[in-house]
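Summary of structural features
One-letter residues, chain by chain:
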Amino acid sequence: MRLLIIEDDYRLSQALKKSLVEEGYAIDAVYDGEEGESYAESTPYDAIILDIMLPRKDGIAVCRALRQHHITTPILMLTARDTIEDRVQGLDSGADDYLVKPFALHELLARLRALFRRAAPHKNGVLAVGDLVLNPATHEVTRARVHVRLNAKEFALLEYFMRHPNQVLTRDMIENHIWSYDFISASNVVDVYVRRLRRKLDDPYENKLLETVYGAGYRLRELEIR
């Protein structure tokens, strides 16, 4: 999943970016409100982490502008201020959640997962396609109840497929979703990672889940369990 961090504290932004990348997220980080608004309007992020106190344009104004422009991306607002008025103002501007600094990383991760669950059909957050099961909270993946070991990027790719079962995902869609702007990729990086998933998820089984749609991209088929 791809996230945008809009935070002017460089050390905090880089620490968050490093931790979230280790969790398998693709991260873009910017340091002022105007640039953040531009990024958010040009890229389909899964969530935005937005500080309130920003140069050039504050987080409240950024959030309000994004909602006015019909950007529905979930927004988690960060602030060092903890008055009720501040929280109400942030939520009324269109934010989906609110986190007060300083905060623990595991709480931030839990709040992000809660935001993602709101749009998911299964409110427990666990994703299932046929006999394939993925738990975003624990990073556990099983097929036919057998544990499958994936690295962070393989996990992110599989999660993207499982959030869009039976949909054709183009190579551009996958690359834009899984990798951030600062990643310099080889032209076949998507194909390489799809092959890795196939070796782990499909090769041991008769029924294949990942299929190539020639001239279009890839699709994760939702097979019936018998």
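The numbering scheme is per chain: residues are counted from 1 as the chain's sequence reads. With the structure being a predicted model, the display of local features is reserved for residues of pLDDT at least 70 and the display and counting of side-chain atom pairs for 80 or more, all residues being used for whole-chain, interface and lining totals. Side-chain calculation: all heavy atoms of the structure are included, whereas hydrogens and water are not.

Some words on the overall build of the chain
Secondary structure elements are taken from DSSP: a helix is a run of H or I of four residues or more, a strand is a run of E of two residues or more, and numbering for both begins at the N terminus. Along the backbone of the chain there are 8 helices and 12 strands. Here the C-alpha atoms of the chain give a radius of gyration of 18 Å, agreeing with the 17 Å that 2.2 N^0.38 yields for 226 residues. Overall size of the chain, expressed as C-alpha extent along the three principal axes, is 55 × 35 × 30 Å. Scored against the burial criterion, the 226 residues of the chain give a buried share of 45%. Here, residues are in contact when the closest pair of their heavy atoms is within 4.5 Å. Long-range pairs, those at least 24 residues apart, make up 58% of the contacts in the chain between residues at least 6 apart in sequence. Charged residues are defined here as Lys and Arg on the positive side and Asp and Glu on the negative side; His and the ends of the chain fall outside this count. For the purpose of locating charges, the reference atoms are NZ of Lys, CZ of Arg, CG of Asp and CD of Glu. When the 31 positive and 35 negative side-chain charges of the chain are each reduced to one mean point, those points stand 6 Å apart. We compute the radius of gyration over the C-alpha atoms and compare it with the globule rule, which gives 2.2 Å times the number of residues raised to the power 0.38. Only protein chains enter the area calculation, which uses a 1.4 Å probe; residues under 20% of their type maximum are buried, those over 50% are exposed, and those in between are partly exposed.

Remarks on the UniProt feature "modified residue: 4-aspartylphosphate" (unreviewed entry) in the chain
UniProt positions are given in the numbering used here, feature names are shortened, and annotations may be inferred rather than shown by experiment. Per the UniProt record, "modified residue: 4-aspartylphosphate" (unreviewed entry) is annotated on Asp 51. Within the secondary structure, Asp 51 sits in strand 3 (residues 47–51). Other than its neighbours up to four places away in sequence, Asp 51 contacts Ile 6, Glu 7, Asp 8, Gly 59, Leu 78, Thr 79 and Lys 101.

Quick word on the sheet that holds strand 3
Pairing within the open sheet is parallel, and its 5 strands lie in the order 2-1-3-4-5. Of all the strands in the sheet, just strand 2 (26–30) and strand 5 (97–100) have a single pairing partner and so form its edges. With strand direction ignored, the average angle separating the axes of adjacent strands in the sheet is 20 degrees. By definition, two strands form a pair when at least two bridges between them are found by DSSP. Note: strand 4 (residues 75–79) against strand 5, 4 bridges, orientation parallel. Opposite Leu 76, over in strand 5, you have Asp 97 as the bridge partner. Helix axes use the C-alpha atoms of the stretch in contact, all axes being lines fitted to C-alpha atoms, and the angles between their N-to-C directions lie in the range 0 to 180 degrees.

Some remarks on the domain arrangement of the chain
On domain assignment, one finds that the chain holds domain 1 (2–119) and domain 2 (127–220). Contacts between the two partners involve 15 residues from domain 1, matched on the other side by 13 residues from domain 2. When domain 1 packs against domain 2, the two sides together hide about 1100 Å² of surface, and 44% of this comes from carbon and sulfur. Values labelled buried area give the accessible surface lost by two parts on being combined, using a 1.4 Å probe and summing over both. Considering only the surface of domain 1 that becomes buried against domain 2, Arg 2, Gly 24 and Arg 113 emerge as the three largest contributors, covering 41% of it. A side-chain nitrogen of Lys or Arg and a carboxyl oxygen of Asp or Glu constitute a salt bridge if their distance falls within 4 Å. Summed over the shared surface of domain 1 and domain 2, the result is 0 salt bridges. For the purposes of these results, a polar contact is taken to be a pair of N or O atoms within 3.5 Å, where, inside protein, one atom must be able to donate a hydrogen and its partner to accept one; residues adjacent in sequence count only when each atom of the pair is a side-chain atom. At the boundary of domain 1 with domain 2, the tally comes to 4 residue pairs in polar contact (both at pLDDT 80 or more). Broken down by element, the side of domain 1 that touches domain 2 gets its largest block of residues, 3 residues, from strand 2. A domain assignment, automatic or from a database, supplies the domain bounds used here.

A closer look at the nonpolar core
The biggest cluster of nonpolar side chains holds 27 residues, and the ones touching the most others in it are Phe 161 and Ile 174. Those elements giving two or more residues to this core turn out to be strand 6 (127–129), strand 7 (132–135), helix 6 (152–162), helix 7 (171–178), helix 8 (189–201) and strand 12 (217–220). Of all the elements, helix 6 adds the most residues to this core, at 7 residues. Apart from the residues lying within four places of it in its own chain, the contact partners of Ile 174 are Leu 157, Tyr 160, Phe 161, Leu 169, Trp 179, Val 190 and Tyr 218. Within the second largest apolar cluster, 19 residues are counted, among which are Met 1, Ile 5, Ala 47 and Leu 108. Grouping buried Ala, Val, Leu, Ile, Met, Phe, Trp, Tyr and Cys residues that are joined through side-chain atoms within 4.5 Å yields what is termed a nonpolar core.

With respect to the packing of helix 6 against helix 8
Contact geometry of helix 6 with helix 8 gives a least axis separation of 10 Å together with a crossing angle of 85 degrees. By the angle class used here, helix 6 and helix 8 are roughly perpendicular. Within the contact between the two elements, helix 6 uses Lys 153, Glu 154, Leu 157, Leu 158 and Phe 161 and helix 8 uses Tyr 193, Val 194, Arg 196, Leu 197, Lys 200 and Leu 201. Only Asp, Glu, Lys and Arg are considered charged in this grouping, and only Ala, Val, Leu, Ile, Met, Phe, Trp, Tyr, Cys and Pro are considered nonpolar; every other residue, Gly among them, is considered polar. Among the residues making up the contact of helix 6 with helix 8, the classes are represented as 7 nonpolar, no polar and 4 charged. In this scheme, roughly parallel covers angles under 35 degrees and roughly antiparallel covers those over 145, while 65 to 115 is roughly perpendicular and the rest are oblique.

Considering helix 8
A helix is expected to reach a length of 1.5 Å times the quantity of its residues less one. In a regular helix each residue adds 1.5 Å, so 13 residues correspond to 18 Å; helix 8 covers 18 Å between its end C-alpha atoms and thus fits that length. What helix 8 keeps buried is the set Val 189, Val 190, Asp 191, Tyr 193, Val 194, Leu 197 and Leu 201. Residues of helix 8 that are buried make contact with strand 7, strand 8 (140–143), helix 6, helix 7, strand 11 (210–213) and strand 12.

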